[in-house]
Amino acid sequence: MNAIDPYAGERLKTSPFHPRQRALNVRDAWTSWNGYQFALHYYDAEYEYFCIRNACATYDISPMQKYEIRGRDAEAMLNRMVTRDVAKIKPNRVAYCVWCTDAGRVIDDGTIFKLAGDRFMLTCGSPCAAWLEKSAFGFAEVQVTDLSDALAALSLQGPTSGAVLKKLGLNGVENAKPFDIQHFSFHCHELRVSRTGFTGDLGYELWIQPDLALELWDELYAAGEHHGIHPYGEAATNMARLEAGFIMPGMEFNEALKTVRFEHDQTPFELNLGWLVDFSKPHFSGRRALLAEQERGPRYTLTKLDIEGNRPAEDARIYANKRCTKEVGYVTSAMWSPAVKANIALAMIETEHAQGELWAEIHYEKELRQYSRVVRCQRKDQPFWAPARAKATPPPDC
Amino acid sequence: MNAYDAIVIGAGHNGLTNAAYLAKAGLKVIVLEKNDYIGGAAVSREVHEGWIYSNCSYVCSMMRQAIHRDLDLSRHGLLLVPYLGTVNFGQGEERLLSYHDEEAAYLELKRHSPHDADAMHRFQADLSRYAQLIRKTLMRTPPDPASFRPRDLMELLHLAKQFWSLGEREIYEYIRFFTMSAAEYLEDYFENDLIKAAMATPGIIGTALGVYSPGSAYVLLHHVMGDVDGAIGAWGLARGGMGAISNAIAGAVTEHGGEIRICAGVERVLVENRRAVGVALENGDEFRSRIVVSNLDARRTFTRIMDRRDLPEGIYEKARNFKIRGSSGKVNIALSGLPKFTGVPDNPHLNRGGQAFIGTLETLERAYDCWKRGRWSGDPFVESVIPSAWDPTVAPPGKHWMSNFVQYCPPQLVEGPWTPKRREQFGQTVIDKIERYSPGFKDLIVHMEVRTPHEIEQEIGLTEGNIFQGELTLDQLFFNRPFPGYGQYRMPVKNLYMCGSSTHPGGGVSAVCGANAAREILKDLRCPNSVPEDDFHDE
């Protein structure tokens, strides 16, 4: 018998939390993320979505890319790379950022954790070691370390998440404001907790060294036993983030460095992220192009839509008239929102038409037959889901 | 002078919905509620400290999405959470588990009967077809079949068109279905007794019919035609209890400028020149208005708060004879922990869902026999759910509460009226039955609220505690609800309307009756319509 697995090179890696997650993945519904085996869902996507909205649930963010950037020039280097003013981030705070090419097109989005004056952590969905190295060029004292495999991370989201962390013994966690970072001792090692997440709800992210991951899981699940804790996968995440109005690579934007066709990538202004672009700070990648775009206005604008009827507008095209003769955009993500009871979508609309009448042509199938409907869309300025508890400090227990 | 455009009597969820739509249309509206809390049967109350019971209705599936969305009830705090998995308890160790996953559900049925596992597909397709047709009538005012008004003719034509689209064979089946019993209908599909019994239980819940009584097949349909987010037949819990639904609708009422007054029991509807002109309260206060809307059931509206002399001939008798029999009880139990059930795997998705303590089809029919004789069965059918296993807001962490709906429970006992002692004995019967399937259950009990038809009528004013505000039989459905000739929410006295479950489409926390009535009222007052259409037109 051959002891060597001939498929070893094709098998996916597993996250430090995998042994627990495998046991709970009743349906064996796996997908992958950055080379890691990753749950699509554990039991049922909608059930897990409701765990997020109604109780609390965990999402394994270990496969996310994590980089430590340290040194005297770390802040200056990051400030040169991202569009937001990194100098304004206070220690133990997190900031959401995007970074762009010189043409002002979005490479990726992510979060910067300011751990100390000369120490940051950058997290993002796709690997960006090469871009970080490029961005560090010319800065004498910066070390970039890829922590992706060296740091396990678990997101705990939902209305009872604060109560669970208190029960876990994290004294003072209730004082954390949104985007705050706190440090606790867990089995004599550091447990980093940030009040962050990707669901638009009350939630936290827990960062721990991989060899303590299973201890953390077990103690967290013991603490959450009576607070409805349950794992959730990619499908539920996608529902929650869309309700919160958060963007996803591969959905709302095409990563600029992977884009083949001219301007099939996006600018921060097109993604409605103009608030992340700070022209008052020193020079940064894409500044000139973005200044020009600010001047002339973005070609497209990412728009939140509340769509008539209950058929999700997946892949729908958007028109300026009911007869569908004037196409003005396309839907990037769409779903029926169980919490809000609305047919919601994010869509890229040509800016000059974004304030006018909007109609979606929705195609759907009923028992193998194809149907289509043209329905009216209403623009929304606020996130579809934004409960008060997400911002409350201290947050409610349930 | 207390002058309003509209007075709504009763702050049940339909009365509130009605008021919300009238207020939204710009009318000056007041809702008058006799209790010191709102919600009627869609209510949550902290009867025992730390525990919030849904005292009456306990789950929901008929709540119309279109209304939820239109009144923005999510913003007013409403979150409906579907729950999964029901365990049906048969005789001895026999269990039928309803898994959420289709494949798992199929394998479970196959374990009991390969025949029935296959037949389930046909059963569900047939039932969905019937349900679809009925669902399309929910948010529409029934046509008057004796009228020649264009609107009624058009509506009849619309219905006929829907009906014909079923195809000839199905039309015959459909008509047969409406008059059949649940048990006989299921006989067409299934052979296994527990499967039949489990599928038959929705046919008797809340009704004075047995599983073998003609008409119970429709009640079955009424209970499975709802949906949660398009999942037809699914049931959900309201976060915070059923009162969260009423509270959210009340939020919409006040947002649109409507007024809600509690501790304001209506003594009499004031009628002048054969028109309703206002109401007099039990405390003597009077309110005048252009129209009066009653959220009370048909019997109570015409025999309790109307002067018989104000009614056209025959109406009082119709109301008195309106079929509204009390047949159900409710036992709300606070528990110190989550009960465990014998023969059920320790699967959190399963034993946190619902429990149906059945026995056999025979058990259900025998329980009905007892009810007819003015007794409760020693082996009643109990449908339970443990909301706290899903909802972190209704019990302290680690503690639970269990809602137990009991079919049947007589409105009057053969040996005399309900007394606290007899009520306790009834509650004891229920927990004895649960204890048979969950040894040690009684040790978990912290507090119990036992409700017979008597308590339900006394507290929230449902005649005999009938949960549907009137039986759901063909003679009282659609254009016959509440009475033939009065199926369009307008009542025999001018400017008087009804908006409760005594009107089309009947019982259930759907908010439809209230919304439909508002649409008709606005038409009469020549106000622009503020009530949405259902969003299932592309189903």
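Residues numbered from 1 in each chain as written. Chains lettered and ligands numbered in written order. Predicted model: local features only at pLDDT ≥ 70, side-chain atom pairs only at ≥ 80, totals over all residues. Heavy atoms only, no water.

Trainee: Can you walk me through the overall build of chain A in this structure?
Mentor: Of regular secondary structure, chain A possesses eight helices and 19 strands. The globule rule puts the C-alpha radius of gyration for 398 residues at 21 Å, and the 22 Å found for chain A is close to it. Along the first, second and third principal axes, the C-alpha atoms of chain A reach 65 × 60 × 55 Å. Expressed as a percentage of the 398 residues in chain A, the buried residues total 57%. In chain A, the proportion of contacts linking residues at least 24 apart, taken out of those at least 6 apart, comes to 67%. Summed over all atoms, the accessible surface of chain A reaches about 17,700 Å², with 49% contributed by carbon and sulfur. Distance between charge centroids for chain A: 5 Å, based on 46 positive and 52 negative side chains. (Helix = DSSP H or I, 4+ residues; strand = E, 2+ residues; numbered from the N terminus. Rg over C-alpha atoms; globule rule 2.2 N^0.38 Å. Buried < 20%, exposed > 50% of the residue type's maximum accessible area, 1.4 Å probe, protein only. Contact = heavy atoms within 4.5 Å. Areas by Shrake-Rupley, 256 points an atom, 1.4 Å probe, with all protein chains shown as cover. Lys, Arg positive; Asp, Glu negative; His and termini not counted. Charge placed at Lys NZ, Arg CZ, Asp CG, Glu CD.)

Trainee: Teacher, can you tell me more about the interface of chain A and chain B here?
Mentor: Accessible area lost on assembly of the parts is the figure often given for the size of an interface. Facing 33 residues of chain A, the contacting portion of chain B comprises 27 residues. Taken together, the two surfaces of chain A and chain B that pack against each other cover about 2,600 Å², and 53% of this comes from carbon and sulfur. Counting the surface chain A buries against chain B, the share from its top three residues, A:Tyr43, A:Asn54 and A:Lys341, is 26%. Note that A:Lys341 and B:Asp229 form a salt bridge whose closest N and O atoms lie 3.0 Å from each other. (Buried area = accessible area lost by both parts, 1.4 Å probe. Salt bridge = Lys/Arg side-chain N within 4 Å of Asp/Glu carboxyl O.)

Trainee: Explanation requested: the packing of aromatic side chains in the structure shown.
Mentor: A complete count under the given rule lists 44 aromatic pairs over all chains for this structure. Taken together, a centroid distance of 4.4 Å and an interplanar angle of 10° make the contact between A:Trp217 and A:Tyr221 stacked. Of the two residues, A:Trp217 and A:Tyr221 are both situated in helix H6 (residues 213–224); the distance of four residues between them amounts to about one turn of the helix. Both residues of the pair, A:Trp217 and A:Tyr221, count as buried. Taken together, a centroid distance of 5.9 Å and an interplanar angle of 50° make the contact between B:Phe341 and B:Phe357 tilted. With B:Phe341 in the loop between strand E15 (328–335) and helix H13 (348–351) and B:Phe357 in strand E16 (residues 354–357), this residue pair connects regions lying 16 residues apart in the sequence. A relative accessible area of 0% places B:Phe357 in the buried class. What links up through ring pairs into an aromatic cluster is the set B:Phe123, B:Tyr130, B:Phe163, B:Tyr174, B:Phe177, B:Phe178, B:Tyr185, B:Tyr189, B:Phe190 and B:Tyr218. The aromatic ring of A:Tyr43 is capped on one face by A:Arg27, whose charged end is 4.6 Å from the ring centroid. Between B:Lys28 and the ring centre of B:Tyr4, over which it is positioned, the NZ or CZ distance is 4.6 Å. (Phe/Tyr/Trp six-rings, centres within 6.5 Å; stacked < 30°, edge-to-face > 60°. Lys NZ or Arg CZ within 6 Å of the ring centre and 35° of its normal.)

Trainee: Help me understand the sheet that holds strand E6 (residues 106–116) of chain A, please; the structure alone is not making it clear to me.
Mentor: Within a sheet, neighbouring strands are paired by backbone hydrogen bonds and run either parallel or antiparallel to one another. Residues and elements named next belong to chain A. Sheet architecture is open: five strands sit in the order E5-E6-E7-E4-E8, paired in antiparallel fashion. Lying at the two open borders of the sheet, with one neighbouring strand each, are strand E5 (93–100) and strand E8 (143–146). For this sheet, the mean angle separating the axes of adjacent strands, direction not counted, is 25°. As paired strands, E6 and strand E7 (residues 119–124) are joined by six bridges and run antiparallel to one another. Its bridge partner lying in E7, Phe-113 is registered against Met-121. Contacts from helix H4 (residues 129–136) reach strand E4 (65–70), E5, E6, E7 and E8 within the one sheet, and its direction differs from that of E4 by about 20°. (Pairing = 2+ DSSP bridges. Axes fitted to C-alpha atoms, helices over the stretch in contact; angles between N-to-C directions.)

Trainee: Explain the side chain of A:Thr199 here, please?
Mentor: Residues and elements named next belong to chain A. For Thr-199, the location among the structural elements is in the loop between strand E11 (189–194) and strand E12 (203–208). Since its relative accessible area comes to 1%, Thr-199 is described here as buried. Within polar-contact distance, the side chain of Thr-199 engages the side chain of Gln-157 at 2.6 Å. Thr-199 has contacts with Ile-52, Arg-53, Gln-157, Tyr-232, Ala-240, Ala-244, Phe-246 and Trp-385, leaving out every residue within four places of it along the chain. (Polar contact = N/O pair within 3.5 Å; in protein donor to acceptor, adjacent residues only side chain to side chain.)

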